[in-house]
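Chain and residue survey
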Amino acid sequence: MNIFKVKINFEEKDHESVELAIAEGESVLDVCLENGIDLQHNCGGVCGCSTCHIYVNKGMDNIQEISDKEEDFIDRAVNPRITSRLGCQCVIIDGDIEVTLPDQSGFMGH
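This section reports on the structure supplied with the text. Every value quoted in this text rests on a predicted model; they were computed, and no experiment measured them. In this numbering scheme, every chain counts its residues from 1 along its sequence in written order. In keeping with the model being predicted, local features are shown solely for residues with a pLDDT of at least 70 and side-chain atom pairs are shown and tallied solely at 80 or more, while totals for entire chains, interfaces and linings include all residues. Side-chain numbers come from the whole structure's heavy atoms, not from hydrogens or water.

Attention now moves to the environment of Arg85. Within the secondary structure, Arg85 sits in strand β4 (residues 84–86). Relative accessibility under 20% of the residue-type maximum defines a buried residue, over 50% an exposed one, and the middle range a partly exposed one, all with a 1.4 Å probe and only protein chains included. Classification of Arg85 as buried rests on a relative accessible area of 3%. Sequence separation between Arg85 and Ile74 is 11 residues; the distance between their C-alpha atoms is 6.8 Å. Setting aside residues no more than four positions away along its own chain, Arg85 makes contact with Cys52, His53, Ile54, Val56, Met60, Ile63, Gln64, Glu65, Ile66, Glu70 and Ile74. A run of H or I in DSSP counts as a helix once it spans at least four residues, and a run of E counts as a strand once it spans at least two, with each numbered from the N terminus. Residue contacts follow a heavy-atom distance rule, with two residues in contact if any of their heavy atoms lie within 4.5 Å.

What follows is the structure in structure tokens.
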């Protein structure tokens, strides 16, 4: 199993960027939850909502390709961009990535 790095930036001003280990086959959502980072996931991380929406800044080639289902949910996300992905579907296949988590303060629980 290969281990890579994920740099996580935050839109929230009171959060500092962090760099964490991420294993091949692991999702950004998994790494966030394992490290106490609040990334909403109302559906439980099964590509059934858009609350774990993130932006991939670097390393798009190092994650699994986007599915039609994921694209449909990203269309429903707040402020989607061309670099938008769902954290639960952002699974590492080879190499480091850098992501930004949108402001999570507007979500009500999960």
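In this section: the sheet that holds strand β5 (residues 97–101). For two strands to be treated as a pair, DSSP must find at least two bridges joining them. If you trace the 5 strands from one edge of the open sheet to the other, you get β2-β1-β5-β3-β4, paired in mixed fashion. Two strands close off the open sheet at either side, each with one partner strand: β2 (18–23) and β4. Put simply, the sheet's adjacent strands are angled 40° from each other on average, direction ignored. As defined by bridge partners, strand β1 (residues 3–10) adjoins β2 across 6 bridges and the pair is classed as antiparallel. Across the sheet, Phe4 pairs through a bridge with Ile22, a residue of β2. Only the contacting stretch of a helix is used when fitting its axis, a line to C-alpha atoms as for every element, and angles between N-to-C directions run 0 to 180 degrees.

A few words on the side chain of Ser27. Tracing the backbone through its elements, the reader meets Ser27 in the loop between β2 and α1 (28–34). You can call Ser27 buried: its relative accessible area is 4%. The residues contacting Ser27, other than those within four sequence positions of it, are Ile22, Gly87, Cys88, Cys90 and Val91.

For the rest of this paragraph, the subject is the pairing of β1. Bridging between β1 and β5 involves 5 bridges; their strand directions are parallel. Within β5, the position partnered with Phe10 by the bridge is Leu101.

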